[in-house]
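# A look at the structure
The residues making up each chain are set out below.
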Amino acid sequence: MMGSSHALSGAAVWLAGSLVLDQLADFHQTPLQLAVGTAICAGGALLPDLDLSGRVTTRQGGATVAHTFGVLTLFLAEVVEKFSLGVYKLTRLKHDPRRRNGHRTLTHTIVFNVGVGYGTLALCNAFGKWAVMGVLFFSFAMALRGLFERWAERAGWLIVTLAAAAAAYLVYERLPGDRGYPLLGMAVGVGGLIHLAGDMITRHGSPIFWPIPTGRRLWRNIGLPHSVALTAGDKTETVVLRIVFTTVAIFAGAMLVAPVLLDRFNISV
């Protein structure tokens, strides 16, 4: 699945999940908290593809997320890809195929993404303000790159970086810690898991169960049968799925924000 689709699916699922919690569990969030959670989940939904590197010196190739901060994230993606490949080679079983790159290996497992979510929460709890601002900054930049891909390409990585930094600072000053901070780790982790679900409906699938063996393999890609699976970048993904994700996001967002706005302006329905 393409980067923009991953980001949009993260935003849609976070808003839809927030609507369910609001209606069934009486768990209310402010519009700011909703916006932050949605942005972080959208950014987190790009994170697993940080194992897809390109050509660092020419800034070519690589996943959408690898271009977030220009050559810096392209280099980081190269490191993550090589590390993931190393883990694959060290842990592969006899019947796991040989690989020349680490894309869709370690970062495309449930263990990794749950660990990243928990690690984000632990980092914010341990280091406070600066860790929180770092998470907001990195997540917002990834969300901008994914949700507004064409604008981000035209604007360039520097504008994306400055916009993310400004947004992170403004949000941090207004986000209540007792409700906002614990959701940061959850939003990152949920975004990563949504990414795996998106890849699982494509023909390649993802090795989500690693390090649990399935059959005689440790790195078995789990996904839909090829007869019904999507091809990444085809019209079903770029048109149909994106329309569905956008519709869900708009509907859920409107349902969540409308009562707040009506109450603020003393409008009764």
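If you check an unreviewed UniProt entry, the protein chain appears there as Metal-dependent hydrolase from Dactylosporangium cerinum.

A separate point is the UniProt feature "transmembrane region" (unreviewed entry) in the protein chain. Mapped onto this numbering, the UniProt entry gives "transmembrane region" (unreviewed entry) at residues 105-124, 155-172, 184-202 and 239-262. Structurally, residues 105-124 comprises 75% helix and 0% strand, and the distance from its first C-alpha atom to its last is 27 Å. Secondary structure within residues 155-172 divides into 94% helix and 0% strand; the distance between the first and last C-alpha atoms comes to 25 Å.

A separate point is the environment of F209. Following the sequence through the fold, F209 ends up in the loop between α8 (177-200) and α9 (235-264). The exposure class of F209 is partly exposed, given its relative accessible area of 39%. Separated by 102 residues in sequence, F209 and T107 place their C-alpha atoms 12 Å apart. Not counting the four nearest positions on each side in its chain, F209 is found in contact with T214 and I222.

In this section: the nonpolar core. Ranked by size, the top nonpolar core spans 38 residues in total, and within it V36, I40, L136, F140 and L184 carry the most contacts. When residues of this core are traced back to their parent elements, those giving at least two are α1 (3-24), α2 (31-44), α3 (71-91), α5 (129-147), α7 (157-174) and α8.

With that settled, consider the state of the cysteines. Scanning all chains against the criterion turns up zero disulfides. The closest cysteine sulfur to the non-disulfide-bonded C41 is located on C124, 15 Å from its own sulfur. A residue is classified by how much of its surface remains accessible, and C124, at 6% relative accessible area, is buried.

All chains considered together, the criterion is met by four aromatic pairs. Where Y88 meets W219, the ring centres are 5.2 Å apart and the plane angle is 50°; that geometry is what we call tilted. Of the two residues, Y88 is situated in helix α3 and W219 in the loop between α8 and α9; the sequence distance between them amounts to 131 residues. Given a relative accessible area of 2%, W219 falls into the buried group. Look at W210 and W219: their rings are 5.0 Å apart centre to centre, the planes differ by 25°, and that puts the pair in the stacked class. Taking NZ or CZ as reference, K129 lies 5.2 Å from the ring centre of W130, over its face.

About the thresholds
Residues numbered from 1 in each chain as written. Predicted model: local features only at pLDDT ≥ 70, side-chain atom pairs only at ≥ 80, totals over all residues. Heavy atoms only, no water. UniProt positions renumbered as here; feature names shortened; annotations may be inferred. Helix = DSSP H or I, 4+ residues; strand = E, 2+ residues; numbered from the N terminus. Buried < 20%, exposed > 50% of the residue type's maximum accessible area, 1.4 Å probe, protein only. Contact = heavy atoms within 4.5 Å. Core = buried A, V, L, I, M, F, W, Y, C linked by side-chain atoms within 4.5 Å. Disulfide = S-S within 2.5 Å. Phe/Tyr/Trp six-rings, centres within 6.5 Å; stacked < 30°, edge-to-face > 60°. Lys NZ or Arg CZ within 6 Å of the ring centre and 35° of its normal.

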